[in-house]
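# Coordinate analysis (summary)
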Amino acid sequence: MLDEVVQQAPALLGADACAVLTPEEDELVVGAAFGEGTEEVVGARVSATTWLSGDVFQSRAPVAIENALVDEHLAGADALVAAGYSAYLGVPLVGPEGAPAGVLAVYARRPRAWRAEEIEALQALAGNTSAALANAELYSRVSLEKERSVAILANIADGIVAVDRDGRVVLWNAAAEQITGVPQEEAIGHTTVQVLQRDLESGDEAPAGQRLVSILRGGEEVWLSLSEAVMRDPLGAVAGRIFAFRDISSDRMVEQVKSDFVAAVSHELRTPLTSIYGFAETLLRQDIPFGEEERRTFLGYIASESGRLTEIVDQLLNVARLDAGDLQVELGRIDVGSVVSEVVETVEGDDHRFEIDLPEEPLAAEADPDKVRQVFNILVENALRYSPEGGKVTVGARRNADRVEVRVVDEGMGIPAAEREWIFRKFYRAESAARDGAAGTGLGLFIAKELVNAMGGRIWVDSTEGEGSSFAFELPVAEPSDSDEEGE
């Protein structure tokens, strides 16, 4: 981050070099530098009370020098001035609660007077740098705390097994029995090789972190996440080992799904961010005069891509609320047909053909209109995403006994039978969709299922691979209103 800052600052002010100094005890250390002849400067130390940068650090105010070379005291107080740079401009970096966090300084080869707006520009950059440094420090502390927590929890697992110096089991808890299928009485006094038909020891004096090992449980392969700790006697010799493990057979698939999710979200975020950055950079160019129409076009793209980012972030926030149990549902009497029509109207300009199948009479359901709209929108967007260009999408709703059923049918790639039970799970993306490069985060159907469940309904899919899919959800029929009874 500091390398990026020291490259941006000279370009911002038309200077020749830049350095960032951060405090260590009673000194200021050059953490990053940019410019001709600055390679040897990184790591240089000066007193926090010396001239130039020391003045900036102590006073917490900008210091601007037109020609530092005319004063031998100044020349000896700064490594870059000593290297031949003449003009100096330094501004303070401020940490949390106003504490001094360092100095951002730019230099020019020739003497120059620093204008007030240049000082203000460097102060603004220093402010952003200070905030970024504070965030980086916070991130570092959080990461450290996380590592400590992981280290503490590494050996708090479901199954705990201890062996003596000869490798014979002396502890085999109930969780170990359940995970391995081996009763305690059959394990105590035997080696892990005799009990599990494999050795759990790493063979190292200082075993590494968690390892994945497989064992057989009644003919079934079970994957364990295993950690190992060495016990030593007072003389330092190995006195035994403790193994902590848990069954992660089902987690292995989840981890793969999460990995695919991270890759998908990264791609989904990068695409609009790249567009926004590109158009913004273009608009900021001073060498090309843009007309009003061009500016409006560029801003339109920026607004559109910002909307895409907002949708992705909203999905992530919805998942966070669902995980936290913070979902708010306001049930009331709604006309499902009207909601369906509204959503279709917003996407009818797409390259797909829509066929709408709605009864003439209202379809009153007991539901949250915003949540129903969100669920239906997710299903329609999926139908459009996975359907061929120009394909038909059929949407409809009907009353089915005491339920109102809404259905979205596409002519897309379909979903293999083996994947249908997974598609409503968090992070999951169908292999066929990922293989064909279809966009998506794998969260839409999970959110749709949770919203429908919260409204007392259910959601399901019927699909034939290669022929399309039919997603449907149903909601409770609303109780007749007073006006309905009077009409009867």
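Everything that follows concerns the structure shown earlier in this document.
Residues numbered from 1 in each chain as written. Predicted model: local features only at pLDDT ≥ 70, side-chain atom pairs only at ≥ 80, totals over all residues. Heavy atoms only, no water.

Further remarks concern the sheet that holds strand E11 (residues 238–247). Here we have 5 strands laid out as an open sheet, ordered E8-E7-E11-E10-E9, and antiparallel in their pairing. Two strands bound the open sheet, and with one partner strand each, they are strand E8 (169–172) and strand E9 (211–217). Within this sheet the neighbouring strands show an average axis-to-axis angle of 30°, counted without direction. Bridging between strand E10 (residues 220–232) and E11 involves 9 bridges; their strand directions are antiparallel. Its bridge partner lying in E11, Glu228 is registered against Phe243. (Pairing = 2+ DSSP bridges. Helix = DSSP H or I, 4+ residues; strand = E, 2+ residues; numbered from the N terminus. Axes fitted to C-alpha atoms, helices over the stretch in contact; angles between N-to-C directions.)

Tracing the backbone through its elements, the reader meets Ile415 in the loop between strand E16 (403–409) and helix H13 (431–435). With relative accessibility at 9%, the residue Ile415 sits in the buried group. Sequence separation between Ile415 and Gly466 is 51 residues; the distance between their C-alpha atoms is 7.8 Å. Residues contacting Ile415, with those up to four places away along its chain left out, are Arg420, Ile423, Val461, Ser463, Glu465, Ser469 and Phe471. (Buried < 20%, exposed > 50% of the residue type's maximum accessible area, 1.4 Å probe, protein only. Contact = heavy atoms within 4.5 Å.)

Another aspect to go through is the sheet that holds strand E5 (residues 87–94). Read from one edge of the open sheet, 6 strands run E3-E2-E1-E6-E5-E4, paired in antiparallel fashion. Each having just a single partner strand, strand E3 (45–47) and strand E4 (63–65) make up the two edges of the open sheet. Averaged over neighbouring strand pairs, the angle between their axes works out to 25° when direction is ignored. Both strand E1 (residues 17–24) and strand E6 (residues 100–108) contribute to a ladder of 5 bridges, which runs antiparallel. When the bridges of E6 are listed, Ala19 appears paired with Ala105. Sheet strands touched by helix H1 (residues 2–13): E1, strand E2 (27–34), E5 and E6. Its angle to E1, the strand with the most contacts, is close to 135°.

Let's shift gears to the nonpolar core. Judged by nonpolar contacts, the single largest core of 47 residues is most densely connected at Val336, Phe376, Val380 and Phe473. In terms of residues, this core owes the most to one element, helix H12 (residues 369–386), which gives 8 residues. The residues contacting Val336, other than those within four sequence positions of it, are Leu363, Ala365, Ala397, Val404 and Val406. (Core = buried A, V, L, I, M, F, W, Y, C linked by side-chain atoms within 4.5 Å.)

Moving on, we come to unusual backbone geometry. A negative phi angle characterises most non-glycine residues, just as the trans form characterises most peptide bonds. Its identity as a non-glycine residue notwithstanding, Gln197 has a phi of 65°, on the positive side. Mapped onto the fold, Gln197 is located in the loop between helix H8 (192–196) and E9. Phi angles above zero are rare outside glycine, and Ala401 is one such case at about 60°.

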